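Here is what each chain is made of, one letter per residue.
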Amino acid sequence: MLFRSNKGTTKQRLIFSTATPLGHSVAEESFRRDLFYQITEDVITLPPLRDRGIKDLNLICATLMRRLRQKLKDEASNMAEKELDRSAMRALEVFPFEGNVRELETVLARAMLHTKANVVNKEDIDTALSINKSSQTIESILSRPLYDDFVLDDVLDEVTRHYLARAKTSTRSLRQAAKALGFKNYQTLANRIKKLEGFDW
């Protein structure tokens, strides 16, 4: 888009973001069709945090921790040394984070502020997540709107990831996890894991 100023013509690029499928909003006439075509010259779709996989979660957490150590440096003398241990990461891996990266950042900040030690562990994360967990209900999965991009298999995969991650953190082996999840043998569980893109055991 071009904008004119007193010094001449300057080129500007505008970036818009939305959590609502605009195509559906246009069809319902709750979003202007002409504006939709004007701002959708190019579209980049980012998957929700819960679908990004554990590797992405680790990278995002590392980036957020660096940002928060700087942002909260005046809150505690040891803020620069705050780190997540493996148990903390596993606690984060099983949470759906419907609020995506913004929700993850608030949970990390809460844990860092209320943890006196340099290492943030599972108990610290569980405490920080307690407020968020109270807002997570079964209706959040069972009442998903049937937009054009709704895919039942994606919702089922989301539930599968959740329980696989819980089994991973609460059992010591794939065989024990298979038993806890009700699979007849661990090979069946292993095959199910292979079908989930981005899930690491």
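Residues numbered from 1 in each chain as written. Predicted model: local features only at pLDDT ≥ 70, side-chain atom pairs only at ≥ 80, totals over all residues. Heavy atoms only, no water.

> Whenever I open this one, helix H8 (residues 152-170) confuses me. Can you help?
Since the α-helix packs 3.6 residues into each turn, any two residues three or four apart lie on the same face. When the terminal C-alpha atoms of H8 are compared, their 28 Å separation across 19 residues agrees well with the 27 Å that a helix rising 1.5 Å per residue should span. Taken residue by residue, H8 has Val155, Glu158, Thr160, Arg161, Leu164, Ala165, Ala167 and Lys168 as its buried positions. (Helix = DSSP H or I, 4+ residues; strand = E, 2+ residues; numbered from the N terminus. Expected span 1.5 Å × (residues − 1). Buried < 20%, exposed > 50% of the residue type's maximum accessible area, 1.4 Å probe, protein only.)

> What exactly am I supposed to notice about the packing of helix H3 (residues 54-71) against helix H5 (residues 100-114) here?
Two quantities define a packed helix pair, namely the angle between the axes and the distance from one axis to the other. Remark: H3 packs on H5, axes separated minimally by 10 Å, with the N-to-C direction vectors making an angle of 55 degrees. With respect to H5, the element H3 is oriented oblique. Two packed elements cross with a definite hand, and for H3 against H5 that hand is right-handed. For the pair H3 and H5, contact is made by Leu57, Ile60, Cys61, Leu64, Met65, Arg67, Leu68 and Arg69 and by Val101, Leu104, Glu105, Leu108, Ala109 and Met112, respectively. Tallied by class, residues from the contact of H3 with H5 come to 11 nonpolar, no polar and three charged. (Axes fitted to C-alpha atoms, helices over the stretch in contact; angles between N-to-C directions. Parallel < 35°, antiparallel > 145°, perpendicular 65-115°, else oblique. Left-handed = near helix turned anticlockwise from the far one by under 90°. Contact = heavy atoms within 4.5 Å. Nonpolar A, V, L, I, M, F, W, Y, C, P; charged D, E, K, R; others polar.)

> Would you take a moment to explain the packing of helix H9 (residues 174-181) against helix H10 (residues 186-195) for this structure?
Where H9 meets H10, the axes come as close as 8 Å, and the angle between the chain directions of the two elements is 90 degrees. Taken together, the axis directions place H9 and H10 in an arrangement best described as roughly perpendicular. Residues Leu174, Arg175, Ala177, Ala178 and Leu181 of H9 form the contact with H10, whose participating residues are Tyr186, Leu189, Ala190 and Ile193. For the contact of H9 with H10, the per-class residue count stands at eight nonpolar, no polar and one charged.

> How should I be thinking about the nonpolar core in this particular structure?
Across soluble globular proteins, nonpolar side chains show a tendency to be buried alongside one another. Counting residues in each nonpolar core, the largest one holds 26 residues, and the members touching the most others are Cys61, Leu84, Leu92, Phe97, Leu104, Leu108 and Ile125. Elements with a contribution of two residues or more to this core: H3, helix H4 (86-93), H5 and helix H6 (122-133). Leave out the neighbours within four places in its chain, and leucine 92 touches Leu57, Cys61, Leu84, Phe97, Leu104, Val107, Leu108 and Ile125. Counting 10 residues, the second-largest nonpolar core is a separate cluster that includes Leu164, Ala165, Leu189 and Phe199. (Core = buried A, V, L, I, M, F, W, Y, C linked by side-chain atoms within 4.5 Å.)

> When you look at the side chain of arginine 161 in this model, what are you seeing that I'm missing?
Residue position: arginine 161 is located in helix H8. According to the relative accessible area criterion, arginine 161 is buried, its value standing at 14%. Residues within four places of arginine 161 in sequence aside, it is in contact with Arg50, Leu196, Glu197, Gly198 and Phe199.

> Got a minute to help me understand the pattern of salt bridges in this structure?
Two side chains carrying opposite charge are able to pair once their charged atoms lie near each other. The full count for this structure, using the stated rule, is six salt bridges. When the shortest N-O distance is used, the salt bridge between arginine 32 and aspartate 34 registers 2.6 Å. Note on aspartate 34: relative accessible area 45%, which makes it partly exposed. As a salt-bridge pair, lysine 122 and aspartate 126 come within 2.7 Å of each other at their nearest N and O atoms. Of the two residues, lysine 122 and aspartate 126 are both situated in helix H6; the distance of four residues between them amounts to about one turn of the helix. The class for lysine 122 is partly exposed, based on a relative accessible area of 36%. (Salt bridge = Lys/Arg side-chain N within 4 Å of Asp/Glu carboxyl O.)

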